[in-house]
Amino acid sequence: MSFNVQSLNQVTLIGRLADAPKIGTSAKGTQYATMVVVTNQGYRDAQNQLQTKATFIPCALFGQNEHIAKLNLGKGDLVYVGGSISLTEKGEGEQRQVNFSIRIAEVTLLARKAAPSAQQGQAARPAQQNAPAKAARKAAQTAVKPKAKANDLPFDDEPQDLP
């Protein structure tokens, strides 16, 4: 029996933005946006207590700045990000550094960061409890998808100082 093995480089994240996306244009005129998505991982420590660890994941999107601006993403917003892992290498020998980032193919706003309430500590009203679900449905309708195919994007022109 023979298998035709294909490679797959696909990442799906749901997390909160560490800060508002940084939007720019490279020296060659390529628009880009960088952002950091924070995800949480649960694990059990030596005492079998449930712990949470935050992971900060750098992400970059190319050629879709107008869509990022339209979404008006901000610090703490809950987002869905789909894309692929990208590695960049600098230096040689002991000075060699390998960094990764996620090359975004799709980003969707799921929910805005909750604004501080004057009624903190009180139970939310039923209408407010459904707000994240309504926001997720609305965001799914306004998902950002690149116009170019993944292999058409100018990744050799990406900024080298991604967060």
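Structure's up top.
Fair warning: this is a prediction, and the values are worked out from it, not measured in the lab.

*Asks:* Please give an account of the overall build of the chain that cites residues and values.
*Replies:* Along the backbone of the chain there are 3 helices and 6 strands. When the helices and strands of the chain are read in sequence order from the N terminus, they spell out β-β-β-β-α-β-β-α-α. Across the 163 residues of the chain, 33% fall into the buried class. For the chain, the proportion of contacts with a sequence separation of at least 24, taken over those separated by at least 6, is 64%. Accessible surface, the chain as shown: approximately 11400 Å² in total, 50% of it carbon and sulfur.

*Asks:* Describe the environment of Ile85, naming the residues involved and giving the relevant values.
*Replies:* Looking at the element boundaries, Ile85 is found in strand β5 (residues 78–90). Accessibility expressed as a relative area gives 41% for Ile85, which makes it partly exposed. The spatial distance from the C-alpha of Ile85 to the C-alpha of Arg103 is 6.1 Å, given a sequence separation of 18 residues. Those residues in contact with Ile85, other than ones at most four positions away along the chain, are Asn9, Val11, Phe100, Ser101 and Ile102.

*Asks:* Lay out the pattern of salt bridges with the relevant residues and their values.
*Replies:* Under the definition given, this model contains 3 salt bridges. A salt bridge links Asp19 to Lys22; the nearest nitrogen and oxygen atoms lie 3.9 Å apart. By relative accessible area, Asp19 is classed as partly exposed at 40%. Residue Arg96 pairs with Glu89 through a salt bridge whose shortest N-O separation is 2.7 Å. Since its relative accessible area comes to 53%, Glu89 is described here as exposed.

*Asks:* An account of a nonpolar patch on the surface is needed here, citing residue identities and associated values.
*Replies:* Where nonpolar side chains cluster on the molecular surface, the patch consists of Ile85, Leu87, Val98 and Phe100 and spans about 360 Å² of accessible area. Those elements that provide at least two residues to the nonpolar patch are β5 and β6 (97–111).

*Asks:* Before we move on, could you go through the pairing of strand β4 (residues 50–62) and cite the residues and values that matter?
*Replies:* Here strand β3 (residues 31–44) runs beside β4; their pairing, made up of 13 bridges, is antiparallel. Residue pairing in the sheet places Thr39 in a bridge with Thr55 of β4. Pairing of β4 with β6 involves 2 bridges; the strand directions are parallel. In the sheet register, Cys59 faces β6, and the bridge partner there is Ile102.

*Asks:* Please set out the nonpolar core residue by residue, giving values where relevant.
*Replies:* Residues Cys59, Leu73, Val79, Val81 and Val107 are the most contacted members of the largest nonpolar core, which totals 18 residues. Of all the secondary-structure elements, those providing two or more residues to this core are β1 (11–17), β3, β4, α1 (65–71), β5 and β6. Per element, the largest residue contribution to this core is 4 residues, and it comes from β6. The residues touching Leu73, leaving out its near neighbours within four places in the chain, are Leu17, Ala20, Pro21, Ile68, Val79, Val107, Leu109 and Arg112.

Definitions and cut-offs
Residues numbered from 1 in each chain as written. Predicted model: local features only at pLDDT ≥ 70, side-chain atom pairs only at ≥ 80, totals over all residues. Heavy atoms only, no water. Helix = DSSP H or I, 4+ residues; strand = E, 2+ residues; numbered from the N terminus. Buried < 20%, exposed > 50% of the residue type's maximum accessible area, 1.4 Å probe, protein only. Contact = heavy atoms within 4.5 Å. Areas by Shrake-Rupley, 256 points an atom, 1.4 Å probe, with all protein chains shown as cover. Salt bridge = Lys/Arg side-chain N within 4 Å of Asp/Glu carboxyl O. Patch = residues over 30% accessible without salt bridge, like charges linked within 9 Å, V, L, I, M, F, W, Y side chains within 5 Å. Pairing = 2+ DSSP bridges. Core = buried A, V, L, I, M, F, W, Y, C linked by side-chain atoms within 4.5 Å.

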